[in-house]
Amino acid sequence: QVQLVESGGGLVQAGGSLRLSCAASGTIFSINAMGWYRQVPGKQRELVANMPTGGRINYAGSVQGRFTISRDNEKNTVYLQMNSLKPEDTAVYYCNAAIRTTSGSYQVNYWGQGTQVTVSS
């Protein structure tokens, strides 16, 4: 019904930049929020940035001032511009969206497949 497709991960040197994209498609009625999480092996998935529709943007303290989240609502797409990357930003980054489908009466949390970001020192 709904798919989230991510792109833009890769390998970058410390201090460099990457831009992640995530496009939602399918039988979408409305999107309440879109955001990014990340996970490293052996640790819990953590919030990176979240952008509710018409709401306040939330950033993890560790990325505040370096990462910027944005949305293109016409394209159902969320972006994450990552600047001044550090080795500790290395993780699999997952797109997340709270979506109500055309056949549903409530919103459901959807996840992308994940994209690897590796920052070398």
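Scroll up to find the structure this text is about.
Chemist: Would you mind going over the overall build of the chain with me for this structure?
Modeler: When its secondary structure is counted, the chain shows 0 helices and 11 strands. Counted from the first residue to the last, the chain has its helices and strands arranged as β-β-β-β-β-β-β-β-β-β-β. A compact globule built from 121 residues would reach a C-alpha radius of gyration of about 14 Å, and the chain, at 14 Å, matches this within 12%. Taken along the three principal axes of its C-alpha coordinates, the chain extends 50 × 25 × 25 Å. Here the chain holds 121 residues, and the buried ones make up 40% of them. In the chain, the proportion of contacts linking residues at least 24 apart, taken out of those at least 6 apart, comes to 57%. Surface accessibility of the chain: about 6500 Å² in total, with carbon and sulfur atoms responsible for 47%. The positive charge centre, built from 10 side chains, and the negative charge centre, built from 6, are 4 Å apart in the chain.

Chemist: How should the pairing of strand E10 (residues 108-111) be read in this particular structure?
Modeler: Along any regular strand, the residues point their side chains to alternate faces of the sheet. Here strand E9 (residues 91-101) pairs with E10 via 4 bridges, running antiparallel. Each bridged residue has a counterpart across the sheet, and for Asn96 the counterpart in E10 is Trp111.

Chemist: I keep staring at the sheet that holds strand E3 (residues 18-26) and nothing clicks. Help me out?
Modeler: For sheets, the rule is that strands pair by backbone hydrogen bonds, running either parallel or antiparallel. Spatial ordering of the open sheet is given by E1-E3-E8-E7, a layout of 4 strands whose pairing is antiparallel. Sheet topology places strand E1 (2-7) and strand E7 (67-72) at the edges, where each strand pairs with a single neighbour. Ignoring strand direction, the axes of neighbouring strands in this sheet form an average angle of 15°. Across 6 bridges, the pairing between E7 and strand E8 (residues 77-82) is antiparallel. Residue pairing for E8: Asp72 is matched across the bridge by Thr77.

Chemist: Is there a simple way to explain the pattern of salt bridges in this structure?
Modeler: Oppositely charged side chains may form a pair once their charged atoms are brought near each other. Throughout the structure, instances matching the rule amount to 3 salt bridges. With a closest N to O distance of 2.7 Å, Glu46 and Arg38 form a salt bridge. For Glu46, a relative accessible area of 37% gives the class partly exposed. Classification of Arg38 as buried rests on a relative accessible area of 7%. Taking the shortest distance from any N to any O, the salt bridge between Arg66 and Asp89 comes out at 2.8 Å. Taken together, the residues span a long stretch of sequence, with Arg66 in the loop between strand E6 (58-59) and E7 and Asp89 in the loop between E8 and E9 at a distance of 23 residues.

Chemist: I would appreciate a short explanation of the packing of aromatic side chains in the present structure.
Modeler: The description of two aromatic rings rests on the distance between their centres and on the angle between their planes. Under the criterion given, the structure shown has 1 aromatic pair. Ring geometry for Tyr37 against Trp111: centres 5.1 Å apart, planes inclined by 70°, an arrangement best described as edge-to-face. Taken as a pair, Tyr37 in strand E4 (residues 28-39) and Trp111 in strand E10 lie far apart in primary sequence, 74 residues in all. The exposure class of Trp111 is partly exposed, given its relative accessible area of 36%. Above the ring of Tyr79, the side-chain terminus of Arg19 is found at 4.1 Å from the ring centroid. For Arg45, the ring lying beneath its charged end belongs to Trp111, and the centroid distance is 4.6 Å.

Chemist: Got a minute to help me understand the pairing of E9 in this structure?
Modeler: Most of E9 is tucked away, with 9 of its 11 residues classed as buried. Of the pairings in the sheet, the one linking E4 to E9 comprises 10 bridges and is antiparallel in character. Counted as the bridge partner of Ile31 is Ile99 from E9. In this structure, the hairpin formed by E9 and E10 is closed by a connection of 6 residues.

Criteria and thresholds
Residues numbered from 1 in each chain as written. Predicted model: local features only at pLDDT ≥ 70, side-chain atom pairs only at ≥ 80, totals over all residues. Heavy atoms only, no water. Helix = DSSP H or I, 4+ residues; strand = E, 2+ residues; numbered from the N terminus. Rg over C-alpha atoms; globule rule 2.2 N^0.38 Å. Buried < 20%, exposed > 50% of the residue type's maximum accessible area, 1.4 Å probe, protein only. Contact = heavy atoms within 4.5 Å. Areas by Shrake-Rupley, 256 points an atom, 1.4 Å probe, with all protein chains shown as cover. Lys, Arg positive; Asp, Glu negative; His and termini not counted. Charge placed at Lys NZ, Arg CZ, Asp CG, Glu CD. Pairing = 2+ DSSP bridges. Axes fitted to C-alpha atoms, helices over the stretch in contact; angles between N-to-C directions. Salt bridge = Lys/Arg side-chain N within 4 Å of Asp/Glu carboxyl O. Phe/Tyr/Trp six-rings, centres within 6.5 Å; stacked < 30°, edge-to-face > 60°. Lys NZ or Arg CZ within 6 Å of the ring centre and 35° of its normal.

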